[in-house]
Amino acid sequence: MINSDYKKIKRVLITNDEIQRRISEVAAAITEEYRGKPLLLVGILSGVFVFMADLCRKIQTPSEVAFMYVKSYCGTKSTAMVDIVMDLNRDISNYHVVLVEDIVDTGRTLHEVDAILRSRNPLSLKVVTLLDKPSKRVNDFQPDISLFKIPDLFVIGYGLDFNEKYRELPYIAEYDESI
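Residue indices follow the written sequence of each chain, beginning from 1 at its first position. Predicted model: local features are reported for residues with pLDDT of at least 70 only, side-chain atom pairs are reported and counted for 80 or more only, and whole-chain, interface and lining totals are derived from all residues. Neither water nor hydrogens contribute to the side-chain values; these are computed over all heavy atoms in the structure.

Visitor: I tried to follow helix H1 (residues 16–34) on my own but got confused; where do I start?
Guide: The first and last C-alpha atoms of H1 sit 26 Å apart over 19 residues, in line with the 27 Å expected at 1.5 Å per residue. Partly exposed residues are those whose accessible area sits between 20% and 50% of the maximum for their type, while under 20% is buried and over 50% is exposed, using a 1.4 Å probe and protein chains only. Helix numbers and strand numbers start at the N terminus; a helix is a DSSP run of H or I with at least 4 residues, a strand a run of E with at least 2. Listing the buried residues of H1 in full gives Ile 19, Gln 20, Ile 23, Val 26, Ala 27, Ile 30, Thr 31 and Tyr 34. Down the axis of H1, the smallest arc covering the buried residues is 145°, so these residues share one side. Away from its buried face by more than 90 degrees, H1 exposes Asp 17 and Glu 32. Multiplying one less than the number of residues by 1.5 Å gives the expected span of a helix. Of all possible arcs, the one meant is that of the directions from the helix axis to the C-beta atoms.

What follows is the structure in structure tokens.
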């Protein structure tokens, strides 16, 4: 039973066990690909912090971590504007960069951030996203690795929010906009 503080949860889409299983698989692949190479994980704040922490802990090769803060949402709607609030404060040209995101829907944010980072000449760059919502894509951007593809629903939990709430949920849930 979901308590009354969480009445906006329509249903759980992806359990924590499912999330952890997929993170372990992706972390093992990243470990294998980048073992012995200079690895930089770049997370897009704020929604990625839970996923990034779990992914980082499961990668079994030394890596560094950095964050960018990018805004493109207001409530449940994309603003169609990408605002880099906090950029990286380091040279990435000597790193293999894995850009880590919580969700790719329209693709605008990742398309822009990907282009910015590629212009800084990393040794390589891959994009890993927890959730992929391809039905919402407005450009041809595709992440290299998607842990889960989801339908066109507004989701919360596991770091994803609605107006900064629900990030603490240990699973991915559909947000009920009708209540």
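Visitor: Any chance you could explain the packing of aromatic side chains here in plain terms?
Guide: The geometry of an aromatic ring pair is captured by the separation of the ring centres together with the interplanar angle, meaning the angle of the planes. The aromatic pairing rule takes the rings of Phe, Tyr and Trp, using the six-membered ring of Trp, and pairs them if the centres are within 6.5 Å, calling planes under 30 degrees apart stacked, those over 60 edge-to-face and the rest tilted. Applying the stated rule across the entire model yields 5 aromatic pairs. When the ring of Tyr 6 is compared with that of Tyr 166, the centres are 6.1 Å apart and the planes differ by 55°; the resulting orientation is tilted. One end of the pair, Tyr 6, is in the segment before strand E1 (9–14); the other, Tyr 166, is in the loop between strand E8 (155–156) and strand E9 (172–175), and 160 residues separate them in sequence. The class for Tyr 6 is partly exposed, based on a relative accessible area of 22%. Ring geometry for Phe 154 against Phe 162: centres 6.2 Å apart, planes inclined by 90°, an arrangement best described as edge-to-face. Each of the two residues, Phe 154 as well as Phe 162, counts as buried.

Visitor: Honestly, the sheet that holds E8 in this entry has me stumped. Any pointers?
Guide: By way of backbone hydrogen bonds, the strands of a sheet pair with one another, either parallel or antiparallel. Pairs of strands are assigned from DSSP output, requiring at least two bridges between the strands. A sheet is described by the order of its strands in space; here 3 strands give the open sequence E1-E9-E8, paired in antiparallel fashion. Lying at the two open borders of the sheet, with one neighbouring strand each, are E1 and E8. For E8 and E9, the ladder comprises 2 bridges, and the chain directions are antiparallel. Bridge pairing in E9 places Ile 156 opposite Ala 173.

Visitor: Looking at this structure, how should I read the nonpolar core?
Guide: Buried together is how nonpolar side chains tend to be arranged in soluble globular proteins. Put simply, buried Ala, Val, Leu, Ile, Met, Phe, Trp, Tyr and Cys residues joined by side-chain atoms within 4.5 Å make one nonpolar core. One finds Ile 30, Phe 51, Leu 55, Leu 130, Leu 131 and Ile 172 to be the most contacted residues of the largest nonpolar core, which totals 28 residues. Residue assignment for this core shows that the elements contributing at least two residues are H1, strand E2 (39–45), helix H2 (49–58), strand E5 (96–104), strand E6 (124–132) and strand E7 (145–149). In terms of residue count, H1 provides more of this core than any other element does, 6 residues in total. When near neighbours in sequence (up to four residues on either side) are disregarded, Leu 130 contacts Ile 19, Phe 51, Glu 101, Asp 102, Leu 147, Phe 148, Tyr 158, Leu 160 and Ile 172. The contact definition used throughout considers only heavy atoms, calling two residues in contact when any of these lie within 4.5 Å.

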